[in-house]
Protein chains: 2
Amino acid sequence: MTPDLDAVDAWWRAANYLSAGQIYLTGNPLFSRPLEPRDIKARQLGHWGTTPGLTFLQAHAMRAIVARGIDMLFVAGPGHGGPAMLAGSWLDGSYSERHPEVTRDARGMAELFRQFSFPGGVPSHAAAPTPGSIHEGGELGYSLAHATGAAFDNPELTVLCVVGDGEAETGALATSWHSHRFLRPERDGMVLPVLHLNGYRIAAPTILGRMPKHEIAALFAGFGWNPIFVEGDDPAKMHSGMAAAMDTCLDAHARIRRTGTGRPPMIVLRSPKGWTGPREVDGDPVEGTFRAHQVPLDVPREDGPQLRQLEDWLRGYRPDELFPDGRPSDLVLSLVPEGDRRLGATPHADGGRLTRPLDLPPAEAAALDISAPGAVTDSATKVLGHWLADVIRRNPRTFRLFGPDETASNRLDAVFDASPRYAPGRVEETDTDLAPDGRVMEVLSEHLCEGWLEGYLLTGRHGLFNSYEAFIPIVASMATQHVKWMREAKETGWRAPIPSLNWLLSSHVWRQDHNGFTHQDPGFLDHLAAKGAEMVRLYLPPDANTLLAVAEQVLASTDRANCIVAGKQPEPQWLSLDAARAHLGSGFGIWDWAADDPDPQVVIAAAGDVPTLEALAAVDLLRREAPDLRLRFVNVVDLMALQPPDLNPDGAPDAAFDAAFGTDIPVIFAFHGYPGLVHELAYRRAAHARLHVHGYGEKGTTTTPFEMVAMNGLDRFTLALDAADRAGHPAPRLRAVCADLRDRQHAHSRETGTDLPEIRDWSWPAAPLPTGPGGDDDDA
Amino acid sequence: MTPDLDAVDAWWRAANYLSAGQIYLTGNPLFSRPLEPRDIKARQLGHWGTTPGLTFLQAHAMRAIVARGIDMLFVAGPGHGGPAMLAGSWLDGSYSERHPEVTRDARGMAELFRQFSFPGGVPSHAAAPTPGSIHEGGELGYSLAHATGAAFDNPELTVLCVVGDGEAETGALATSWHSHRFLRPERDGMVLPVLHLNGYRIAAPTILGRMPKHEIAALFAGFGWNPIFVEGDDPAKMHSGMAAAMDTCLDAHARIRRTGTGRPPMIVLRSPKGWTGPREVDGDPVEGTFRAHQVPLDVPREDGPQLRQLEDWLRGYRPDELFPDGRPSDLVLSLVPEGDRRLGATPHADGGRLTRPLDLPPAEAAALDISAPGAVTDSATKVLGHWLADVIRRNPRTFRLFGPDETASNRLDAVFDASPRYAPGRVEETDTDLAPDGRVMEVLSEHLCEGWLEGYLLTGRHGLFNSYEAFIPIVASMATQHVKWMREAKETGWRAPIPSLNWLLSSHVWRQDHNGFTHQDPGFLDHLAAKGAEMVRLYLPPDANTLLAVAEQVLASTDRANCIVAGKQPEPQWLSLDAARAHLGSGFGIWDWAADDPDPQVVIAAAGDVPTLEALAAVDLLRREAPDLRLRFVNVVDLMALQPPDLNPDGAPDAAFDAAFGTDIPVIFAFHGYPGLVHELAYRRAAHARLHVHGYGEKGTTTTPFEMVAMNGLDRFTLALDAADRAGHPAPRLRAVCADLRDRQHAHSRETGTDLPEIRDWSWPAAPLPTGPGGDDDDA
């Protein structure tokens, strides 16, 4: 080996030693005396199998960083090999900077070992407490998407992304191999994937591990990469091979950066699972088999052959040479880059440190002028699109819009005035709004949209994911994992807040009447609500200006997962921008212009644009046809505000809740999603015992918009009649009017496939209202 | 064209005509007079773009079926091209058999057109009402996985699977290209994928559509396929090309079936989007561009150029020739196979017709002998594994176990006695439980596991998906879509019930203390619960025998989605098999041996294995340290039984609920998942106002099992003290005991990384109990 590879090998041995130490040792970290049973952890946890591959790649990454003076972010797909990342950051000093009690000496090494996978210590994965990590690798599949998101708009950055061959079987990862097509050398960084073929998952071989080499080569050539193979188990040969491969790749990156073109390289590393670990245990082969996946050698806390085998194994790394006085030797440290170039110290892995708040345009320019509630009809997402175009213009390197080819369908197409879609291939004459420098990222994979956005946010930038509501649950589990990451990151105390993860769901359940049942699902709200209001907020703006107010708020927020559900169809508009901002500020509120009797018999409430429309139409019906019924109308925009303050730091106090919803009168609640969710959030409130929620009852098909709400009992007639019934009002005129309209609507829709004009075009107020509630009661 | 291709072309034109007719026409289906505005649908819905490709492939599939006498199932990935599938089944007569009002004549054609995407009619996708379909294609990505599942254990079947180039961008589809490696010619059918490159998604080009041909060829060669290209837009040439390609593929299938080996073929069809539709509309190109995606030509209901353009377009198919008297011509019909070989009539697409109930072994053989509650310690999933091995043995061609490499980790490894894992590649000497004829299907893609299983079920067979609990939300959206399919299928009235979709979730939130926060998530229960008890059941068996009882029940059920959460760690066992079956039968019940005071002050309830253990330990503490506190213990196994009968047909009547939980005493409920779910299900019950749920509070890390429950307030101490507090009992001795044990536990776990032996090894009863509740009260 050349001298520089001596350092690589020494560092590698040191990191492997430290990794095994974390799994096994609770004392005697440097064999100052022979290993004794008391030095062994009672419960041995950790994933050894992938670890030596990760340390090998970290070592070679550092060699390249130092040699070339480049910035690199290391993404460990097999993040369950946490010991490797922890060992690396301990060796480069960043671990001690973040965890001062774990010093870079013998005492700190003991503590590094003890605290690993230990109560009160650090998790076994490359989790938020791990310096240099943006990717925990617990739920597999997202490493390459995260790496790509990190590279967007970071032209100087190289993201080395290790992909395990187990992870490579997942859907998200399989389609991530297309990601390089979405990187533009002039403005984006380089992603260098390393497919690590160690051949095994937990208990069985991987698909890629058993594919012939020519198939692997064809596969990645087909995905557009230039694969370079490094294969073997002899450390010296492997060091030479990997150093050469890394140089080839980084030379290719330099060429691509210079020329703007070229096939990006990747590395296929084939090395034994559990490399350098026990070859055999109790007669079974371990190194190079699935048996090396987790703890390769069970060591009971007693003197015996296992204890001796462990000691032999660990001494094989020559720790006395590597840590002469407990600290890493000069040779080991000679590999480590300086300052922020250290893998554990790169600010890209603590993206909040790099975050600049967005320059948000005043919403006033996009807002609708509302002379009176219902006087204007417009599309909420269309209005938002104009504002988002301005966001893109003002933040040309720190904001992107993501979505699965639905930007135009979701009526956000005004953004194309500011930036076209990104073109991952050639552009043809017949294409529209598509260009190689586009900043609207479309790909028909919710996993890629989500993974790219997460990578972009984790490295300190901003974004918004727009999707059809029904299909966002495709990334339900990714959402969970990102929320978990943010929660753990907050708990570290040292990670800076990162921009929030924002979803805009449109083409929602009530307006997918044309696409049918598969496109009708509001369940993402339920999924997120369970994760708790400390991290999650759910917004249901009823109109365009409220959507603008919500968008302003979420794009300025940090460390949250914000889900907005908004309509795209032209609808009556209710609030001025000022009123919308005030409404959002309180989470929910009485709309006095609709109904605000000081002594209501019944509250009609709504959350969501279509429920608001139907609920207001119900109020309108009631005010005309049962004018003596004393009503109040409440609109909810911040759904989690229904939770009390002990469950949601921003939840409405009981006094505010009771002032809006009352405590002993029926509440007819028209809700966008599954009714159970409102009960789940509001069950502690006084009003709950008389809360009657109308929402999505899992009934749908291809039909008209009104028939969709009618199928689910969310229509104005059902709401109005339920209100009258719950208030004990006979309302004969109302009954007659509803029955007539309902019959005519059903007949009309079955005849024409469209809704009755007076229902379709209804707005508030449908005709001049009576002078006020409490007038003459000709129903009596 | 050769004569047989004349029939193919005629059929294709007929199907295209019928497809466009469905989108546009509400009357005058055969131009008995010039088209008038009143013949046009007021609202034109449907996806034209993909349709001519689907009809083209159906035509060529039929040619092959007839020529070769083979059974074929047609899976339309772009199922949003529903008109194509509906046209096909109308032409082959199967549509009229299922929808008798839609006869195969002029009158029926008018009805076919009218009812499409129309209120009261049929959805716009290849949904459950579509004969011959097992795949709606609403949420994209699952066609090839479904096709593969359909082919398992159907050695005579050929599954032609059309994959759209939009769908091909999804993660699930990207990894599905590996699926052929899991088909074994001796026992499984053939899947023939057709990648349909029409170049565009809704509004932009696809990635694959713009990839150079050599990259596409390399990509699929890398995935192990032999791709055959059919490209162009001239119908005559394309017919010849496709017929030859289809013959080549089916010849290759025959060879592979004969020899058991060979690279499977696939077809890459490149044809214009909206082929044969309007070339240009208002000066914009439409055919061959994204503009053909949905309705290519907006036709107002007025006389004008659009109406004429539509008429010219439709007349171009020469309907008078194709439907001489309103019925399909002899030439068109000559292409159609006979009887069950028709694509719309294949029983494989109505799998319930082929279902044979499983031969289920008696659970007695596997059940644990329980002399007394807590007397035996064992692993629930391990016990189940023995029974599942018998299920595999008794049902060698109709049952499979699916999972992402977690079968052994979930302690189901006894199944390997009956069948090893399937080996998708070569087997090496060091592999265990792996063979080319294995029936345990493992792949590290939850999407493939789920999609394969769904395809297997939809074609009438049985299965079980075992997974880590935390990662099953990866397929949350697939679960939703399958439940939607089952619901719609039931509503058709003609589809036979299919075996239920069953998940077994183990390695659950409370016992992923070693893997950390990413592996701790019980949210799938919330996701499923929202879909409603008509379709979904959630089981939380507290021990092995109850798990057996649940497994018996779910594997015999149909048209349900059953989710079971069960522990894999050795735990105390509570119920005999008989008691377990009775317990399951009532959904929940009082465990009188634990606590059943006739006049309880407080109810302690539990759902889930670990919550049951903690709750029983709490009861034990209370009985010892506050023996005068009057207690009742309730265990819940069928979570949805908490819902009242109007929300769940099998929900417990209020009388039964009240008899167990009381109406006016506090209920301390120890729950496996997020507490909100219990509130969501039980909010209508009288006990709800005094229901206090302890569950997962989104707190986790790498720690010990007991520290996990303690972090979330689900531990025995918190439960016992909450019970005493809510019942107003001072319980000073209890407080002292709890404080002492808690302190010692925390100290012990921080010292050793393990739980205190008396907590870890606790069982019921920890020591002889006092003679009975209501004894002396030395607390007072």
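Residues numbered from 1 in each chain as written. Chains lettered and ligands numbered in written order. Predicted model: local features only at pLDDT ≥ 70, side-chain atom pairs only at ≥ 80, totals over all residues.

## Some remarks on the overall build of chain A
Piece 1. A count of helical and extended segments in chain A gives 25 helices and 22 strands.
Piece 2. For a compact globule of 780 residues, the expected C-alpha radius of gyration is about 28 Å, and chain A comes in at 30 Å, within 12% of that figure.
Piece 3. Overall, the C-alpha framework of chain A stretches about 100 × 65 × 45 Å when taken along its three principal axes.
Piece 4. Going through the 780 residues of chain A one by one, you find that 66% of them count as buried.
Piece 5. Pairs at least 24 apart in sequence give 78% of the contacts found in chain A among residues at least 6 apart. (Helix = DSSP H or I, 4+ residues; strand = E, 2+ residues; numbered from the N terminus. Rg over C-alpha atoms; globule rule 2.2 N^0.38 Å. Buried ≥ 20, exposed ≤ 12 C-beta atoms within 10 Å, placed from the backbone. Contact = placed C-beta atoms within 7 Å.)

## Some remarks on the sheet that holds strand β18 (residues 588–590) of chain B
All names here are of chain B.
Piece 1. Taking strand neighbours across the sheet as the criterion, the five strands line up as β18-β20-β19-β21-β22 in an open arrangement whose pairing is mixed. Because the sheet does not close on itself, it has two edges, and the strands there are β18 and β22 (691–694). Strand-to-strand twist across the sheet, computed as the mean angle between neighbouring axes with direction ignored, equals 20°.
Piece 2. Relative to strand β20 (residues 631–636), strand β19 (residues 602–607) is paired through five bridges, and the arrangement is parallel. (Pairing = 2+ DSSP bridges. Axes fitted to C-alpha atoms, helices over the stretch in contact; angles between N-to-C directions.)

## A few points about the environment of B:Val709
Residues and elements named next belong to chain B.
Piece 1. Tracing the backbone through its elements, the reader meets Val 709 in helix α22 (residues 705–711).
Piece 2. Each C-alpha atom, one on Val 709 and one on Gly 451, is 34 Å from the other, the two residues being 258 residues apart in sequence.
Piece 3. Contact partners of Val 709, with chain neighbours within four places excluded, come to Trp 510, Val 610, Glu 614, Leu 714 and Asp 715.

## Quick word on the nonpolar core
Piece 1. With 543 residues, the main nonpolar core has A:Leu548, A:Ile604, B:Leu548 and B:Ile604 as its most contacted residues.
Piece 2. Look past the residues within four positions of A:Leu548 in its chain and what remains in contact with it is A:Ala363, A:Ala366, A:Ala367, A:Val383, A:Leu384, A:Trp387, A:Leu577 and A:Ala580. (Core = buried A, V, L, I, M, F, W, Y, C linked by C-beta atoms within 7 Å.)

## A few points about the relation of the copies chain A and chain B
Piece 1. When chain A is fitted onto chain B, the two copies agree to an RMSD of 0.0 Å after a turn of 180° and an axial shift of 0.0 Å. With respect to symmetry, the two chain copies, as superposed, fit the operation of a two-fold axis. Taking C-alpha positions as the reference, the residue of chain A nearest the rotation axis is A:Gly171, at 1.9 Å.
Piece 2. Looking at the interface residues of chain A, 100% of them are also at the interface in chain B, so both copies use one shared face. (Least-squares fit on C-alpha atoms with pLDDT ≥ 70 in both.)

## Observations concerning the domain arrangement of chain A
You'll often see interface size given as the accessible area lost when the parts meet.
Residue and element names in this part refer to chain A.
Piece 1. Here chain A is described as being made up of domain 1 (3–349), domain 2 (374–572) and domain 3 (588–760).
Piece 2. Here the C-alpha centre of domain 2 lies 34 Å away from the C-alpha centre of domain 1.
Piece 3. When residues of the side of domain 1 that touches domain 2 are traced back to their parent elements, those giving at least two are α6 (143–151) and α7 (171–176).
Piece 4. Tallying contributions element by element places α6 first for the side of domain 1 that touches domain 2, with six residues.
Piece 5. The residue inventory of the side of domain 1 that touches domain 2, partitioned by class, reads 11 nonpolar, 10 polar and six charged. (Domains from an automatic or database assignment. Nonpolar A, V, L, I, M, F, W, Y, C, P; charged D, E, K, R; others polar.)

## Examining the packing of helix α2 (residues 51–68) of chain B against helix α9 (residues 235–259) of chain B
Helices that pack against each other are described as a pair by the angle of their axes relative to one another and the distance between those axes.
All names here are of chain B.
Piece 1. Taken N-terminus to C-terminus, the directions of α2 and α9 make an angle of 50°; their axes are 10 Å apart at the nearest point. One finds that α2 runs oblique with respect to α9. Between α2 and α9 the crossing geometry is right-handed. Contacts from Phe 56, His 60, Arg 63, Ala 64 and Arg 68 of α2 reach α9 at Met 242, Ala 243, Met 246 and Leu 250. (Parallel < 35°, antiparallel > 145°, perpendicular 65-115°, else oblique. Left-handed = near helix turned anticlockwise from the far one by under 90°.)

## Regarding the sheet that holds strand β3 (residues 190–197) of chain B
Residues and elements named next belong to chain B.
Piece 1. In space, the five strands of this open sheet follow the order β1-β2-β3-β5-β4, with parallel pairing throughout. Since the sheet does not close on itself, it has two edges, and those belong to β1 (71–76) and β4 (226–231), each with one partner. The sheet shows a mean angle of 20° between the axes of neighbouring strands, taken without regard to direction.
Piece 2. Note that strand β2 (residues 157–164) and β3 share seven bridges and pair parallel. By the bridge assignment for β3, Thr 158 is matched with Met 190.
Piece 3. Relative to the sheet, helix α6 (residues 143–151) contacts β1, β2 and β3, its axis offset from that of β2 by approximately 175°.

## Some words on the environment of A:Ala204
Piece 1. With respect to the helices, strands and loops of the structure, A:Ala204 is situated in the loop between β3 (190–197) and α8 (213–222).
Piece 2. Taking the C-alpha atoms as reference points, A:Ala204 and A:Phe290, 86 residues apart in sequence, are found 6.1 Å from one another.

## Focus: the interface of chain A and chain B
Piece 1. Facing 97 residues of chain A, the contacting portion of chain B comprises 97 residues.
Piece 2. Within the residue set of the side of chain A that touches chain B, elements represented by two or more residues are α7, α8, α15 (476–492), α16 (524–529), α21 (675–682) and α24 (732–752) of chain A.
Piece 3. Among the residues forming the side of chain A that touches chain B, the class breakdown is 34 nonpolar, 39 polar and 24 charged.

## Examining helix α2 (residues 51–68) of chain A
All names here are of chain A.
Piece 1. The terminal C-alpha atoms of α2, which comprises 18 residues, lie 26 Å apart, in line with the 26 Å expected from a rise of 1.5 Å per residue.
Piece 2. Extensive coverage of α2 is indicated by the burial of 15 of its 18 residues.
Piece 3. At the exit of α2 stands Gly 69, carrying a positive phi of roughly 60°. (Expected span 1.5 Å × (residues − 1).)

## Digging into the pairing of strand β15 (residues 536–539) of chain B
All names here are of chain B.
Piece 1. Side chains of β15 alternate between two faces, with Val 536 and Leu 538 and Arg 537 and Tyr 539 buried alike.
Piece 2. Two elements, β15 and strand β16 (residues 561–565), share four bridges in a ladder whose sense is parallel. Residue pairing for β16: Tyr 539 is matched across the bridge by Ile 564.
Piece 3. For the crossover that starts at β15, traverses helix α17 (residues 544–555) and ends in the parallel β16, the hand is right-handed. (Right-handed = clockwise from strand over helix to strand, strands pointing away.)

## Points about the environment of A:Ala408
Piece 1. Here A:Ala408 lies in the loop between β9 (399–403) and β10 (421–422).
Piece 2. For the pair A:Ala408 and A:Lys382, spaced 26 residues apart in sequence, the C-alpha separation works out to 9.4 Å.
Piece 3. Residues within four places of A:Ala408 in sequence aside, it is in contact with A:Asp413 and B:Ala203.

## Some points on the packing of helix α23 (residues 716–726) of chain B against helix α24 (residues 732–752) of chain B
Residues and elements named next belong to chain B.
Piece 1. Closest axis-to-axis distance for the α23/α24 pair is 10 Å, and the angle between their directions is 165°. What the angle tells us is that α23 and α24 run roughly antiparallel. With respect to the hand of their crossing, α23 and α24 are arranged in left-handed fashion. The segment α23 lies against α24, with Phe 717, Ala 720, Leu 721 and Ala 724 engaging Leu 734, Arg 735, Cys 738, Leu 741 and Arg 742.
Piece 2. Partitioned by chemical class, the residues of the contact of α23 with α24 number seven nonpolar, no polar and two charged.

## Some thoughts on unusual backbone geometry
Piece 1. Cis peptide bonds are those with omega within 30 degrees of zero, and the linkage from A:Trp764 to A:Pro765 qualifies with -20°.
Piece 2. Mapped onto the elements of the fold, A:Pro765 is located in the segment after α25 (757–760).
Piece 3. The phi dihedral of A:Asp433 is positive, around 50°, even though this residue is not glycine.
Piece 4. If you trace the backbone, A:Asp433 turns up in the loop between β10 and β11 (434–435).
Piece 5. A count of 19 C-beta atoms within 10 Å places A:Asp433 in the partly exposed class.
Piece 6. Here the phi dihedral of B:Glu698 falls at roughly 60°; this positive angle occurs in a residue that is not glycine.
Piece 7. Mapping B:Glu698 onto the fold places it in the loop between β22 and α22.

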